[in-house]
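# Summary of the model geometry
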Amino acid sequence: MSAYKDHSYSIDGGSTGVLLVHGLCGSPTEMRFVANGLARAGYTVVCPQLAGHCNGDVALEESRWQDWLDSAERALVELSARCDRVIVGGLSTGAVLGLMLAQRHPEKVAALALYSPTLWLNGRHIPWYARAFQIVRWRWLARLIRFDAPLDFGIKDERLRELIKRTLAGPGAPEVPFRTPGIAALERQLLVRAAVPDVPRIKAPVLILHPREDDYAHLSNAAYLQEKLGGRVELVVLDDSYHLVTIDRQRSVVLERTADFIGRMVGRTGQLGIAAAGRAV
């Protein structure tokens, strides 16, 4: 087994902190574009590496959703000690972890930014057998199953898709699986089951950015949260991205809308001046 590598990173800034949580089988690199943009706007940004991630299949299969949550929770506590307020952002499964953080630490989470929040894998490229996986309850059975990533890798932009594939194949890159282990998929389901019942208890303001063409998680995921969350919710529907919105064609829209949302939370506007690529409604 290769030596453990930690790809977490942080960028020092002002008294408002932003915690950005990557997705299942992903890495903190997924959040780099948004993190750098928010850092330029003057915020302190932390992007933790979730337990079991970025170090190969074995490490991922040995981790549980509670371990992933512990990773995000430790980062939240540390960031809260450095900043007056913290906004938590998360991509896909990272968004579900963000919901859990808001449930468990309402005094530490001032607001949430949820990118392609994934409660259910019901996107157009999810095969029927992946949906049938919901009936699996045992780790020994889940260990026998693996799910191939969609051919488009959750990214609409073909050039970016190929660039990321080459980068991940290079030396020093995070060891992220191109096939999702069944155990990781099972743990993701258990995380969702733990998070969903308490969603109405979340009173913090929430920004949701979700692509209309999400190949992993249908827009119904965002609609469900918009209906069930207990506080104010802003929903932005992206029309030129697939699942990985923090990387794909409308990443500038994601950054600008996030910066605007945070700016309104702390009484600041016009921080970035970034041209939004594409249209959001």
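Residues numbered from 1 in each chain as written. Predicted model: local features only at pLDDT ≥ 70, side-chain atom pairs only at ≥ 80, totals over all residues. Heavy atoms only, no water.

### Regarding helix α1 (residues 32-40)
When we look at burial in α1, the residues that qualify are Val 34, Ala 35, Gly 37, Leu 38 and Ala 39. Close packing links the buried residues of α1 with β1 (9-11), β2 (16-21), β3 (44-47), β5 (111-115) and α10 (251-266). Of the residues flanking the end of α1, it is Gly 42, one or two places downstream, whose phi is positive at about 105°. (Buried < 20%, exposed > 50% of the residue type's maximum accessible area, 1.4 Å probe, protein only. Helix = DSSP H or I, 4+ residues; strand = E, 2+ residues; numbered from the N terminus. Contact = heavy atoms within 4.5 Å.)

### Details of the pairing of β5
With five of five residues buried, β5 lies mostly within the body of the structure. Alternating residues of β5 divide into Ala 111, Ala 113 and Tyr 115 and Leu 112 and Leu 114, and every residue in both groups is buried. With five bridges connecting them, strand β4 (residues 85-91) and β5 associate as parallel partners. By the bridge assignment for β5, Val 88 is matched with Leu 112. On the question of chirality, the crossover connecting β4 to the parallel β5 by way of helix α4 (residues 93-104) is right-handed. Note that β5 and strand β8 (residues 206-211) share four bridges and pair parallel. (Pairing = 2+ DSSP bridges. Right-handed = clockwise from strand over helix to strand, strands pointing away.)

### Observations concerning the pattern of salt bridges
Within the structure shown, the criterion is met by twelve salt bridges. In this structure, the salt-bridge partner of Arg 64 is Glu 187, at a minimum N-O distance of 3.8 Å. Of this pair, Arg 64 sits in the loop between α2 (57-62) and α3 (65-82) while Glu 187 sits in helix α8 (residues 182-195); the two residues are 123 residues apart in sequence, bridging distant segments of the chain. Relative accessible area serves as the criterion here: at 40%, Arg 64 is assigned to the partly exposed category. (Salt bridge = Lys/Arg side-chain N within 4 Å of Asp/Glu carboxyl O.)

### Some thoughts on the sheet that holds β5
Spatial ordering of the open sheet is given by β1-β3-β2-β4-β5-β8-β9, a layout of seven strands whose pairing is mixed. In this open sheet, the two strands that pair with only one neighbour each are β1 and β9 (233-238). Direction aside, the axes of adjacent strands within the sheet are offset by 15° on average. Relative to β2, α3 is tilted by about 170°, and along the sheet it contacts β2, β3 and β4. On top of the sheet, α10 reaches β2, β4, β5, β8 and β9; it is set at about 170° to β8, its chief contact. (Axes fitted to C-alpha atoms, helices over the stretch in contact; angles between N-to-C directions.)

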